[in-house]
Amino acid sequence: MEKTKTAALLETAGKSLLFTAKRPNIVMERGEGMYMWDTDGNRYLDFVGGWAVASLGHSPAALQKALTKQSATLVHASPGYYNRPMLEFAELLTSVSGMDKAFFASSGAEANESAIKLARKHGAVNLNGAYEIITLTNSFHGRSLATMSATGKEQWKELFAPKVDGFKHVPINDLDACFAAVTNQTCAIMVELVQGEGGVHAVDEAYLYGLRKICDMYGMLLIFDEIQTGLGRTGKLFAYEHYGIQPDVMTLGKGIGAGFPLSAMLTKSKYDLFEPGDQGGTYTGAPLAMAVGYAVLAELLERNLADNAYAQGRYLVNALQKLSAEFPITAIRGKGLLLAFDVPEGTAAELAAICLREGLLINSLNSSTIRLVPPLIVSQRDSDEMLGILRGAFGQLQAAI
Ligand SMILES: *Cc1c(COP(=O)(O)O)cnc(C)c1O
């Protein structure tokens with residue numbers, strides 16, 4: 001019975017969905033805490049965390065409560081009016097982020113579009129029309145045309161040409177290359193502090209300090225894309241706190257809504273440059289999303305989940321280092337619960353597939369890299385369960401080669 005149900009659903013997938021992603025032949029149906037279940041009732045321990053999104057785990061009570069309460073009160077007010085949760089969340093988020101003003105949207109790409117627009121506005125108003133933005137090779141900033149153009153993915157270079165003009169890509173942690181790319185047309189530098197999709201590579205402290213200095217020297221904006229690193233993921237509420245260097249603009253997404261579509265662009269009062277009509281959106285500051293954002297952030301703070309991310313991240317790194325004595329695990333890296341390690345070239349997808357069969361979700365980021373981004377509620381026991389399955393999967397992988 002159950003099997004036929006799944007087979008029928010998979011047939012529908014082939015028939016009615018555009019093929020935009022390779023997905024395994026299972027259908028997810030339910031989630032709770034660290035686990036998801038498929039339509040055959042198989043349970044999966046989730047170290048993909050809804051793609052670094054499910055910061056509070058699956059179907060968290062705080063989110064359910066906020067949605068239920070707000071949906072019975074006011075679902076949508078129109079972007080043309082203030083609403084109560086919009087103002088309450090803006091106040092909370094600015095008070096904990098070191099930033100002064102917020103603009104809300106639904107996806108990370110939109111938050112970054114807003115940052116790009118703000119940088120161009122700054123160029124137009126303050127820098128004689130400068131519009132170029134320097135970003136990093138291997139970076140990821142989203143899938144709208146402008147954010148794809150900002151993204152430094154080699155495979156996207158020719159995709160959907162012509163790209164949006166005005167982006168220059170430079171290698172990470174190479175200050176000279178960045179300096180050399182600055183012209184009188186440059187208005188901003190935009191970076192991820194730990195490149196999430198690009199392989200989990202962090203910027204060096206000296207490099208980030210250098211970027212801050214370059215921006216200060218030329219009056220350019222320093223933009224941190226904290227869509228993946230923000231809201232506790234790296235073991236601090238914001239990754240910039242590891243460096244003690246503040247941005248002029250910061251974007252947030254993924255974990256900010258813990259699964260509800262929500263993103264934000266934050267900036268300092270000094271760059272409060274948009275005029276009415278410059279930027280907006282039907283869902284900007286919509287009550288449901290704002291109520292969720294508030295509840296998620298309040299929960300993160302109350303339970304000190306950034307501290308848990310730090311502690312569990314250390315525990316996982318130590319355990320992986322031990323495991324690397326027995327299995328081909330190299331280059332263990334990352335911060336907090338944004339972690340990755342390398343496996344022999346060409347084996348990452350196979351390792352992830354074996355883990356899936358054994359009830360563990362991990363993300364093969366490319367042909368030789370595994371990324372771990374579990375919910376921030378992960379416990380030592382969850383990590384031990386993950387490590388046990390991973391150990392078995394390495395055994396199976398070695399037997400197979
Ligand atoms: C995921 C991600 C984005 C894009 O967010 P979407 O919600 O998919 O539009 C942008 N920047 C970074 C660093 C990300 O990890």
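Residues numbered from 1 in each chain as written. Predicted model: local features only at pLDDT ≥ 70, side-chain atom pairs only at ≥ 80, totals over all residues. Heavy atoms only, no water.

1. Here we look at the overall build of the protein
Here is the rule: The helix count covers DSSP runs of H or I at least four residues long, the strand count covers runs of E at least two residues long, and both are numbered beginning at the N terminus. Atoms counted for the radius of gyration: C-alpha only. Globule rule: 2.2 Å times residue count to the power 0.38. When a residue's accessible area, from a 1.4 Å probe over protein chains only, is under 20% of the maximum for its type it is buried; when over 50% it is exposed; and in between it is partly exposed. What makes two residues a contact is simply this: any of their non-hydrogen atoms within 4.5 Å.
Assigned secondary structure in the protein consists of 13 helices and 17 strands. On C-alpha atoms alone, the protein measures out to a radius of gyration of 21 Å, which is about the 21 Å that the 2.2 N^0.38 rule sets for 401 residues. Dimensions along the principal axes, computed over C-alpha positions, put the protein at roughly 65 × 55 × 45 Å. Counting the 401 residues in the protein, one finds 51% classified as buried. Once local pairs closer than 6 in sequence are excluded, the contacts in the protein between residues at least 24 apart make up 71%.

2. Considerations on the domain arrangement of the protein
Stated precisely, the cut-off is as follows: All the domain ranges listed were derived from an automatic or database domain assignment. Throughout, the accessible surface (probe 1.4 Å) given up by two parts as they are put together, summed over both, is called the buried area. What qualifies as a polar contact is a pair of N or O atoms within 3.5 Å, subject to a donor-acceptor requirement within protein and to the restriction that residues adjacent in sequence count only when both atoms come from side chains.
The domains assigned to the protein are domain 1 (5-59 + 304-400) and domain 2 (61-302). The distance between the C-alpha centroids of domain 1 and domain 2 comes to 27 Å. Counting residues at the interface gives 26 residues for domain 1 and 29 residues for domain 2. Of the roughly 2200 Å² buried at the junction of domain 1 and domain 2 (both faces included), carbon and sulfur atoms supply 61%. Considering only the side of domain 1, the residues that lose the most area to domain 2 are Leu-56, Lys-335 and Leu-338, jointly responsible for 28% of the buried surface there. The tally of links from domain 1 across to domain 2 stands at 14 residue pairs in polar contact (both at pLDDT 80 or more). Contributions of two or more residues to the side of domain 1 that touches domain 2 are made by α2 (49-52), α11 (305-323), β13 (330-335) and β14 (338-342). It is α11 that contributes the most residues to the side of domain 1 that touches domain 2, four residues altogether.

3. What about the site of the ligand?
Definition in use: Residues are labelled near a given molecule or strand when at least one of their non-hydrogen atoms is within 4 Å of it. Reported accessibility uses the Shrake-Rupley method at a 1.4 Å probe radius. Residues are deemed covered only where the shown protein chains occlude them. Amino acids outside the nonpolar list (Ala, Val, Leu, Ile, Met, Phe, Trp, Tyr, Cys, Pro) and the charged list (Asp, Glu, Lys, Arg) are all regarded as polar, and Gly is one of them.
Every residue near the ligand is listed here: Ser-107, Gly-108, Ala-109, Asn-112, Phe-140, His-141, Gly-142, Glu-192, Asp-225, Ile-227, Gln-228 and Lys-254. One nitrogen or oxygen atom from the side chain of Asp-225 is found 2.7 Å from a nitrogen atom belonging to the ligand. One of the side-chain nitrogen or oxygen atoms of Lys-254 is found 2.6 Å away from an oxygen atom of the ligand. Across the complex, the protein chains shield 82% of the 380 Å² of accessible surface that the ligand would expose by itself. Broken down by element, the residue count for the shell around the ligand peaks at three residues, all from helix α5 (residues 108-126). Considering only residue class, the shell around the ligand consists of three nonpolar, six polar and three charged.

4. Some words on the nonpolar core
Filter applied, for reference: Put simply, a nonpolar core is a bunch of buried Ala, Val, Leu, Ile, Met, Phe, Trp, Tyr and Cys residues held in one set by side-chain atoms that sit within 4.5 Å of each other.
With 102 residues, the main nonpolar core has Phe-47, Ile-189, Ile-362 and Leu-390 as its most contacted residues. Inspection of this core shows a minimum of three residues originating in each of domain 1 (5-59 + 304-400) and domain 2 (61-302). Those residues in contact with Ile-189 that lie beyond four places of it in its chain are Ile-134, Cys-178, Leu-211, Ile-214, Cys-215, Met-220, Leu-221, Leu-222 and Ile-223.

5. A look at the pairing of strand β11 (residues 249-252)
The side chains of a regular strand alternate between both faces of the sheet. For clarity, the threshold we go by: Two strands form a pair only when DSSP identifies at least two bridges running between them.
Here β11 shows no split at all, with Val-249 and Thr-251 on one side and Met-250 and Leu-252 on the other all buried. Direction of pairing for strand β10 (residues 221-225) relative to β11: parallel, over a ladder of three bridges. Each bridged residue has a counterpart across the sheet, and for Ile-223 the counterpart in β11 is Val-249. Looking at chain direction, β11 and strand β12 (residues 263-267) are connected through four bridges and run antiparallel. Paired with Val-249 across the two strands is Thr-267, which belongs to β12.

6. Structural notes on the pattern of salt bridges
The condition is simple: In what follows, salt bridge is the name for a side-chain nitrogen of Lys or Arg lying within 4 Å of a carboxyl oxygen of Asp or Glu.
Summed over all chains, the structure comprises 15 salt bridges. Residue Glu-154 is joined to Lys-157 by a salt bridge in which the shortest nitrogen-to-oxygen separation is 3.5 Å. The exposed category is assigned to Glu-154, whose relative accessible area is 55%. The residue Arg-371 makes a salt bridge to Glu-197 at a minimum N-O spacing of 2.9 Å. Here Arg-371, found in strand β17 (residues 369-372), pairs with Glu-197, found in the loop between β8 (194-195) and β9 (201-202); they are 174 residues apart in sequence, far enough to count as distant. Through salt bridges that share partners, Lys-121, Glu-275 and Asp-278 make up one connected network.

7. Remarks on the sheet that holds strand β15 (residues 360-361)
Two modes of strand pairing occur in sheets, parallel and antiparallel, and in both the strands are linked by backbone hydrogen bonds. To be explicit about the condition: Interaxial angle, 0 to 180 degrees, is taken between N-to-C directions of lines fitted to C-alpha atoms, where a helix line uses only the stretch in contact.
Reading across the sheet, the four strands line up as β1-β2-β3-β15 and stay open at both edges, with mixed pairing between neighbours. Strands with a single pairing partner mark the edges of an open sheet, and in this sheet they are β1 (28-32) and β15. Here helix α13 (residues 380-400) sits on the sheet in contact with β2 (35-38), β3 (43-46) and β15, set at roughly 110° to β3.

8. Things to note about the packing of aromatic side chains
The criterion, for reference: Each Phe, Tyr or Trp ring, with Trp reduced to its six-membered ring, pairs with another whose centre is within 6.5 Å; inter-plane angles below 30 degrees give stacked pairs, above 60 give edge-to-face pairs, and intermediate values give tilted ones.
The full count for this structure, using the stated rule, is six aromatic pairs. Between the aromatic rings of Phe-89 and Phe-104, the centroid separation amounts to 5.3 Å while the plane-to-plane angle is 20°, which identifies the pairing as stacked. Here the residue Phe-89 occupies a position in helix α4 (residues 84-97), and Phe-104 occupies one in strand β4 (residues 101-105), the gap between them amounting to 15 residues. On the accessibility criterion, Phe-89 (0% relative accessible area) is buried. With a relative accessible area of 5%, Phe-104 lands in the buried category. Where Phe-327 meets Phe-394, the ring centres are 5.3 Å apart and the plane angle is 20°; that geometry is what we call stacked.

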